[in-house]
Amino acid sequence: MNDTATLSNFDLRDEIKAYWSARAETFDTQPGHEIFSEDERAAWHCLILKHLGEGEGRAALDLASGTGVVSHLLDDLGFRVTGMDWSEQMLERAREKARTRGRSIRFVMGDAENTMEPDDSYDVITNRHLVWTLVDPKAAFVEWHRVLKPGGKVLIVDGDFVNVSPLTQFLKRLATAAGRIGLIKDARHGAASPEMAETHNRILSQVYFSEGARAEAVVDLLRAAGFAKVTVDKDMRAIHRAQKKNFSFFKGLERATQHRYAICAEK
Ligand SMILES: C[S@@+](CC[C@H](N)C(=O)[O-])C[C@H]1O[C@@H](n2cnc3c(N)ncnc32)[C@H](O)[C@@H]1O
């Protein structure tokens, strides 16, 4: 196979997969990803309970599970959890963490847009920070509707990281400047190097929600896929308050001023 063929076969989905695989090693060291306080854990539990209720042995599919942070929250609440991700590096860490913590969470490799799971097989589907990076969210939501049991619920936690308010932009600039002179360490806590930041921006410019995943646009697509009783919850204050303790001042404020939300919908 020559270089040209290799390049042309490496599509956007491959690039997204490679990007997250490269971030797997440090993912759990970053506040906002892994949970670093019992306050934050409790706030996440509250959000899940509010929308999905206690697990009581119900089957949950945590899509784009990464290192399994949300999968563990669901397991805490008594769900029978399958975590699915397409990055082997993320899955390795997720399996290792579950082993260390003595949890029996099943982690499988798969594509959130085409899960290959049977029809009507899950009571709930969750995902955090996946929707903004989906190549084809319309197809994905139809797929999630197919896989859920009648009456099953999807809970999406995401945000619009493109259209940020002037205040958020200002805070981001301050955080970047403070990071440059070594005042804070988490200015670029996500993509850790300029190359990774460039890859992130290239991916973002090509995905469906390249203009930002506004809650209203996500709701429209969910309804078009057949979901009902769609609710948007923008009250993430308890989570952000708890996370703030592990962020620099600017980073905490930046997060709290972004358009972040949880959307719940029913089949
Ligand atoms: C920002 S991380 C979020 C991980 C986890 N949900 C969390 O909140 O801690 C994004 C994850 O989505 C996964 N991902 C992105 N698109 C995917 C897809 N179509 N199918 C499966 N996994 C996907 C990546 O491999 C990565 O692990």
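What you see is a predicted model; the values in this text were computed from it and never measured.

### What about unusual backbone geometry?
Within the chain, Ala 64 stands out as a residue other than glycine whose phi angle is a positive 55°. Take Ala 64: it is sitting in the loop between β1 (59-63) and α4 (69-76). For Ala 64, a relative accessible area of 27% corresponds to the partly exposed category. Even without glycine at this site, Met 116 takes up a positive phi of about 65°. With respect to the helices, strands and loops of the structure, Met 116 is situated in the loop between β3 (106-109) and β4 (122-128). With a relative accessible area of 66%, Met 116 lands in the exposed category.

### A few points about the sheet that holds strand β7 (residues 259-266)
Spatially, β3-β2-β1-β4-β5-β7-β6 is the arrangement adopted by the seven strands of the open sheet, whose pairing is mixed. The two strands at the open ends of the sheet, each matched to only one other strand, are β3 and β6 (228-233). Averaged over neighbouring strand pairs, the angle between their axes works out to 15° when direction is ignored. Alignment of β6 against β7, held across four bridges, turns out to be antiparallel. Within the sheet, the bridge partner assigned to Val 232 lies in β7 and is Ile 263.

### Things to note about the site of the ligand
Taken together, 16 residues are adjacent to the ligand, and Ala 64, Asp 85, Asp 111, Ala 112 and Arg 128 come closest. Residue Ala 64 places a main-chain N or O atom 2.7 Å away from a nitrogen atom belonging to the ligand. Take Asp 111: an N or O atom from its side chain is 2.9 Å from a nitrogen atom of the ligand. Within the complex, the protein chains bury 99% of what would otherwise be the 600 Å² of accessible surface of the ligand. The class makeup of the residues in the shell around the ligand is eight nonpolar, five polar and three charged.

### Some details on the pattern of salt bridges
Where side chains of opposite charge bring their charged atoms close, a pairing between them can arise. All chains considered together, the criterion is met by 21 salt bridges. Here Asp 28 ties to Lys 97 by a salt bridge, and the two come within 3.1 Å at their closest N and O atoms. Here Lys 97 lies in helix α5 (residues 88-100) and Asp 28 lies in the loop between α2 (12-27) and α3 (38-52), a separation of 69 residues in the sequence. Using a relative accessible area of 22% as the deciding quantity, one classes Asp 28 as partly exposed. For Lys 97, a relative accessible area of 11% gives the class buried.

### Details of the pairing of strand β5 (residues 148-160)
Each regular strand carries side chains that alternate between the two faces of the sheet. The pairing of β4 with β5 spans six bridges and is parallel. Bridge pairing in β5 links Tyr 122 to Leu 148. Taken together, β4, helix α6 (residues 137-147) and β5 form a β-α-β motif whose crossover is right-handed.

### Description of the confidence of the model for the chain
Counting all residues, the mean pLDDT for the chain is 91, and 93% of those residues have values of 70 or more. Contacts from residues 1-6, a stretch scored under 50 in pLDDT, to residues over four places away or in other chains number two contacts.

### Things to note about the packing of aromatic side chains
Within this structure, the stated rule accounts for five aromatic pairs. Their ring planes at 85° and their centres at 6.4 Å tell us that Trp 132 and Phe 161 sit as a pair that is edge-to-face. Of this pair, Trp 132 sits in the loop between β4 and α6 while Phe 161 sits in the loop between β5 and α7 (166-180), and the two are 29 residues apart along the sequence. Seen in terms of ring centroids, Tyr 208 and Phe 209 are 4.9 Å apart; in terms of plane orientation they differ by 85°. Their pairing is edge-to-face. When the ring centre of Trp 86 is taken as origin, the NZ or CZ atom of Lys 17, which lies over that ring, is 5.1 Å away. Here the basic side chain of Arg 128 rests over the ring of Trp 44, its NZ or CZ set 5.0 Å away from the ring centre.

Scoring rules and cut-offs
- Residues numbered from 1 in each chain as written.
- Predicted model: local features only at pLDDT ≥ 70, side-chain atom pairs only at ≥ 80, totals over all residues.
- Heavy atoms only, no water.
- Helix = DSSP H or I, 4+ residues; strand = E, 2+ residues; numbered from the N terminus.
- Buried < 20%, exposed > 50% of the residue type's maximum accessible area, 1.4 Å probe, protein only.
- Pairing = 2+ DSSP bridges.
- Axes fitted to C-alpha atoms, helices over the stretch in contact; angles between N-to-C directions.
- Near = heavy atom within 4 Å.
- Polar contact = N/O pair within 3.5 Å; in protein donor to acceptor, adjacent residues only side chain to side chain.
- Areas by Shrake-Rupley, 256 points an atom, 1.4 Å probe, with all protein chains shown as cover.
- Nonpolar A, V, L, I, M, F, W, Y, C, P; charged D, E, K, R; others polar.
- Salt bridge = Lys/Arg side-chain N within 4 Å of Asp/Glu carboxyl O.
- Right-handed = clockwise from strand over helix to strand, strands pointing away.
- pLDDT = per-residue confidence, 0-100.
- Contact = heavy atoms within 4.5 Å.
- Phe/Tyr/Trp six-rings, centres within 6.5 Å; stacked < 30°, edge-to-face > 60°.
- Lys NZ or Arg CZ within 6 Å of the ring centre and 35° of its normal.

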